[in-house]
Amino acid sequence: METRSEKIVRVFNGLGPDTMPLLHEFYAPDVVFEDPLGRIHGRDNLHAYYENMYKTVQEIRFDFSSSVVQDDTHVVVWTMRLKARGLNRGQEVVLDGNSVLRFGADDKVIFH
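What comes next concerns the included structure. (Residues numbered from 1 in each chain as written. Predicted model: local features only at pLDDT ≥ 70, side-chain atom pairs only at ≥ 80, totals over all residues. Heavy atoms only, no water.)

A word on the pairing of strand β3 (residues 57–70)
Now for step 1: As judged from the 12 bridges shared by β3 and strand β4 (residues 73–84), these two strands associate in the antiparallel manner. In the strand pairing of β4, Val68 is matched with Val75.
Now for step 2: Between the end of β3 and the start of β4, which pair antiparallel, lie 2 residues, with Asp71 showing a positive phi angle near 55 degrees. (Pairing = 2+ DSSP bridges. Helix = DSSP H or I, 4+ residues; strand = E, 2+ residues; numbered from the N terminus.)

Structure, rendered in structure tokens:
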């Protein structure tokens, strides 16, 4: 059986324009998602957000360096490598970051 940590890596690195159904496997219907651009309520709204964001993505990969797990909360530290049309003249952008993910009773993410 896949661990939550393995699932996080698989979804982060597997998500793309043709794999949006992963969102329904990973996120709860009432998920709350926050990033520097704002707060999104609900998986359907998050799906629309990701679809729009991934329209320009040519390549994306997350390299995970560490994680902390406490109960249902996972904090993952990553380096994102991204190539997208209209960003940095098409050259790769490298960004270090982290994500806090809380899993609910159905083993789906309820907060990201």
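Read on for the rest.
Focus on the packing of aromatic side chains
Each pair of aromatic rings is reported with the distance of its centres and the angle of its planes.
Now for step 1: All chains considered together, the criterion is met by 10 aromatic pairs.
Now for step 2: Taken together, a centroid distance of 6.2 Å and an interplanar angle of 90 degrees make the contact between Phe26 and Phe103 edge-to-face. Taken together, the residues Phe26 in helix α2 (residues 22–26) and Phe103 in strand β5 (residues 93–103) connect sequence positions 77 residues apart.
Now for step 3: Judged by its relative accessible area of 0%, Phe26 is buried.
Now for step 4: Relative to Tyr54, the ring of Tyr50 lies with its centre 6.1 Å away and its plane at 40 degrees, an arrangement referred to as tilted.
Now for step 5: Owing to a relative accessible area of 9%, Tyr50 belongs among the buried residues under this scheme.
Now for step 6: What makes Tyr54 buried here is its relative accessible area of 5%.
Now for step 7: Here the aromatic residues Phe12, Phe62, Phe64 and Trp78 are joined through ring pairs into a cluster of three or more. (Phe/Tyr/Trp six-rings, centres within 6.5 Å; stacked < 30°, edge-to-face > 60°. Buried < 20%, exposed > 50% of the residue type's maximum accessible area, 1.4 Å probe, protein only.)

Let's talk about the pattern of salt bridges
Now for step 1: Counted by the stated rule, this structure contains 7 salt bridges.
Now for step 2: Of the charged contacts, one joins Arg10 and Glu25 as a salt bridge, the two residues approaching to 2.2 Å between their closest N and O atoms. Of this pair, Arg10 sits in helix α1 (residues 4–14) while Glu25 is found in helix α2, placing the two residues 15 residues apart along the sequence.
Now for step 3: Residues Glu34 and Arg39 are paired through a salt bridge, measuring 2.4 Å at the closest nitrogen-oxygen approach.
Now for step 4: One salt-bridge network, held together by shared partners, links Glu2, Arg10 and Glu25. (Salt bridge = Lys/Arg side-chain N within 4 Å of Asp/Glu carboxyl O.)

Comments concerning the layout of surface pockets
Now for step 1: Roughly 720 Å³ of volume is contained in the largest pocket.
Now for step 2: Together, 30 residues line the largest pocket, and Phe33, Asp35, Tyr49, Met53 and Trp78 are the ones closest to its centre.
Now for step 3: Where the lining of the largest pocket is concerned, the elements lending two or more residues are α1, α2, β1 (27–35), α3 (43–53), β3, β4 and β5.
Now for step 4: Within the lining of the largest pocket, the residues separate by chemical class into 24 nonpolar, 4 polar and 2 charged. (1 Å grid on protein atoms, 1.4 Å probe; cavity = no way out; pocket = protein on both sides within 12 Å on 5 of 7 lines; lining within 4 Å. Points joined across faces, edges and corners; volume = space filled by probe spheres on them. Nonpolar A, V, L, I, M, F, W, Y, C, P; charged D, E, K, R; others polar.)

Observations regarding α3
Now for step 1: Where α3 is concerned, the buried positions are Arg43, Leu46, His47 and Tyr50. Down the axis, α3 shows its buried residues gathered within 105 degrees of arc, on one side only.
Now for step 2: Those residues of α3 hidden inside the fold are in contact with α2, β1 and β2 (38–41). (Arc of directions from axis to C-beta. Contact = heavy atoms within 4.5 Å.)

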